[in-house]
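These are the residues of each chain, in order.
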Amino acid sequence: MTAQGWIAGMVGVAAIVDDLTRRRISNWIPACAFASGLTLQVAERGWHGAISALLGTAAGAGIFLIFYLLGGMGGGDVKLMAGFGAVLGVPRLLEASLWTAGCGGIMAVLVMAASSLRGLWMSKRPAQDADEKSASSRARNMGRVEFIPYAPAIAAGVWLSLVPKT
């Protein structure tokens, strides 16, 4: 496995665990990705590597900033993709972004299906107690919009971009 793969693996796992358990991505995770990516790029390619890492960071932030401004993504996701941009550089980051979008789409479909099944099950289930509070609570939860932790999709997209192409 390459150094890029090790960095992407460790950062991705940390981000996934943090996002799934706390529903946020701590700043130290994208900071480690950025620092590791910049160091790796400089060690491998000198100043050209530094420029590649900085351009990758800007591209990663720029791609996801649009979705953040539209309210569809959290700031931690933007910072995570920026950190991965330093590791990958611009060309591979663009590929990772496409993989991420596909993985995120699959996740969204699965979450919507699970939510629909849960709603169907809740509506067909006989009320255990006629407590007005629990009925209003169920009604409120059925119309609730679920936000998907996006770190798994980002990590999967980055990992898939690192798979050698034959």
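Above this note sits the structure.
Treat the numbers as computed from the prediction; the structure is a model and nothing was measured.

Some remarks on the overall build of the chain
Stage number 1. A tally of helices and strands in the chain yields 7 helices and 0 strands.
Stage number 2. Listed N to C, the secondary structure of the chain is α-α-α-α-α-α-α in terms of helices and strands.
Stage number 3. Looking at the chain alone, contacts between residues at least 24 apart form 72% of all its contacts between residues at least 6 apart.
Stage number 4. For the chain, the computed accessible surface area is about 9,900 Å², with 70% contributed by carbon and sulfur atoms.

Regarding the packing of helix 4 (residues 75–88) against helix 5 (residues 90–124)
Geometry of a packed helix pair, given as the angle between the helix axes and the separation of the axes.
Stage number 1. Two elements in contact, helix 4 and helix 5, have axes separated by 8 Å at closest approach and are oriented at 135 degrees. As judged from the angle between their axes, helix 4 and helix 5 are oblique. Of the two possible hands of crossing, helix 4 and helix 5 adopt the one that is right-handed. Contacts between helix 4 and helix 5 pair Met81, Phe84, Gly85 and Leu88 from the former with Val90, Arg92, Leu93, Ala96, Ser97 and Thr100 from the latter.
Stage number 2. Residue composition of the contact of helix 4 with helix 5, by class: 6 nonpolar, 3 polar and 1 charged.

What about helix 7 (residues 151–161)?
Each α-helix winds once per 3.6 residues, and so residues spaced three or four apart point in a common direction.
Stage number 1. Among the 11 residues of helix 7, 8 are classified as buried, and the element is accordingly described as predominantly covered.
Stage number 2. By the burial criterion, the buried members of helix 7 are Ala151, Pro152, Ala153, Ile154, Ala155, Gly157, Val158 and Ser161.
Stage number 3. On its buried face, helix 7 sits against helix 1 (3–22), helix 3 (47–69), helix 4 and helix 5.

Description of a nonpolar patch on the surface
Stage number 1. A surface patch of nonpolar side chains, about 430 Å² in accessible area, is lined by Met1, Trp6 and Met10.
Stage number 2. As for its placement among the helices and strands, methionine 10 is situated in helix 1.
Stage number 3. Taking the relative accessible area as the measure of exposure, methionine 10 reaches 56% and is therefore exposed.

What about the nonpolar core?
Stage number 1. Ranked by size, the top nonpolar core spans 27 residues in total, and within it Val11, Phe64, Leu80, Phe84, Leu88, Ile154 and Val158 carry the most contacts.
Stage number 2. Mapped onto this core, the elements with two or more residues apiece are helix 1, helix 2 (28–45), helix 3, helix 4, helix 5 and helix 7.
Stage number 3. A total of 6 residues in this core trace back to one element, the largest contributor, which is helix 4.
Stage number 4. Leucine 88 has contacts with Gln4, Gln41, Leu93, Ala96, Val158, Ser161 and Leu162, leaving out every residue within four places of it along the chain.

Cut-offs and rules
- Residues numbered from 1 in each chain as written.
- Predicted model: local features only at pLDDT ≥ 70, side-chain atom pairs only at ≥ 80, totals over all residues.
- Heavy atoms only, no water.
- Helix = DSSP H or I, 4+ residues; strand = E, 2+ residues; numbered from the N terminus.
- Contact = heavy atoms within 4.5 Å.
- Areas by Shrake-Rupley, 256 points an atom, 1.4 Å probe, with all protein chains shown as cover.
- Axes fitted to C-alpha atoms, helices over the stretch in contact; angles between N-to-C directions.
- Parallel < 35°, antiparallel > 145°, perpendicular 65-115°, else oblique.
- Left-handed = near helix turned anticlockwise from the far one by under 90°.
- Nonpolar A, V, L, I, M, F, W, Y, C, P; charged D, E, K, R; others polar.
- Buried < 20%, exposed > 50% of the residue type's maximum accessible area, 1.4 Å probe, protein only.
- Patch = residues over 30% accessible without salt bridge, like charges linked within 9 Å, V, L, I, M, F, W, Y side chains within 5 Å.
- Salt bridge = Lys/Arg side-chain N within 4 Å of Asp/Glu carboxyl O.
- Core = buried A, V, L, I, M, F, W, Y, C linked by side-chain atoms within 4.5 Å.

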